[in-house]
Amino acid sequence: MSVPHLLVHDKKDTVGVVVVEGLAAGTDMLCVVTADNSSFKLKSRMDVPIGHKIALTDIKKGDTVWKYGQDIGVAKAKIGKGEHVHVHNVKTKRW
């Protein structure tokens with residue numbers, strides 16, 4: 001297996017975390033699910049910094065966003081599969 005671009009922690013997750021520097025739009029990413037070491041491919045639709053998230057599926061405005069198998073917030077806008085997920089389009093439900 002080659003080096004992954006994106007790590008997903010749980011099969012339930014709707015986002016994964018970029019683990020390489022300089023991920024460019026159009027990259028065919030190798031994505032690894034750490035819960036069972038399975039993998040899949042996904043195309044990045046945007047440049048995304050290391051440590052930031054990418055949507056694994058289309059996420060509708062108002063949908064819960066899942067990371068680490070946990071609810072991390074709500075989508076403030078529609079997020080397309082392969083797009084950057086960060087504070088500009090997700091808000092915590094805590095406040």
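Note: the structure precedes this text.
So, here's what we can say about the structure. (Residues numbered from 1 in each chain as written. Predicted model: local features only at pLDDT ≥ 70, side-chain atom pairs only at ≥ 80, totals over all residues. Heavy atoms only, no water.)

Counting its secondary structure elements, the chain contains zero helices and nine strands. The order of α-helices and β-strands along the chain, N terminus first, is β-β-β-β-β-β-β-β-β. For 95 residues, the compact-globule estimate of 2.2 N^0.38 gives 12 Å, and the chain sits close to it at 12 Å. With the C-alpha coordinates of the chain rotated into their principal frame, the extents come out at 40 × 25 × 20 Å. Per-residue burial for the chain yields a buried fraction of 40% across its 95 residues. Look at the contacts in the chain between residues 6 or more apart in sequence, and 49% of them connect residues 24 or more apart. A total of about 5400 Å² of accessible surface is found on the chain, and carbon and sulfur atoms cover 54% of it. For the chain, the centre of its 15 positive side-chain charges and the centre of its 10 negative side-chain charges are spaced 5 Å apart. (Helix = DSSP H or I, 4+ residues; strand = E, 2+ residues; numbered from the N terminus. Rg over C-alpha atoms; globule rule 2.2 N^0.38 Å. Buried < 20%, exposed > 50% of the residue type's maximum accessible area, 1.4 Å probe, protein only. Contact = heavy atoms within 4.5 Å. Areas by Shrake-Rupley, 256 points an atom, 1.4 Å probe, with all protein chains shown as cover. Lys, Arg positive; Asp, Glu negative; His and termini not counted. Charge placed at Lys NZ, Arg CZ, Asp CG, Glu CD.)

On to the nonpolar core. With twelve residues, the main nonpolar core is built from Leu6, Val8, Val18, Val20, Leu23, Met29, Cys31, Val33, Leu42, Val48, Ile54 and Leu56. Elements that contribute at least two residues to this core include exactly β1 (6-8) and β3 (28-33). Ranked by the residues each element gives to this core, the list is headed by β3, at three residues. (Core = buried A, V, L, I, M, F, W, Y, C linked by side-chain atoms within 4.5 Å.)

Our next topic: the pairing of β3. Among the six residues that make up β3, five are buried, leaving the element largely enclosed by the rest of the structure. Relative to β3, β1 is paired through three bridges, and the arrangement is parallel. When the sheet's bridge partners are listed, Leu7 is paired in β3 with Val32. (Pairing = 2+ DSSP bridges.)

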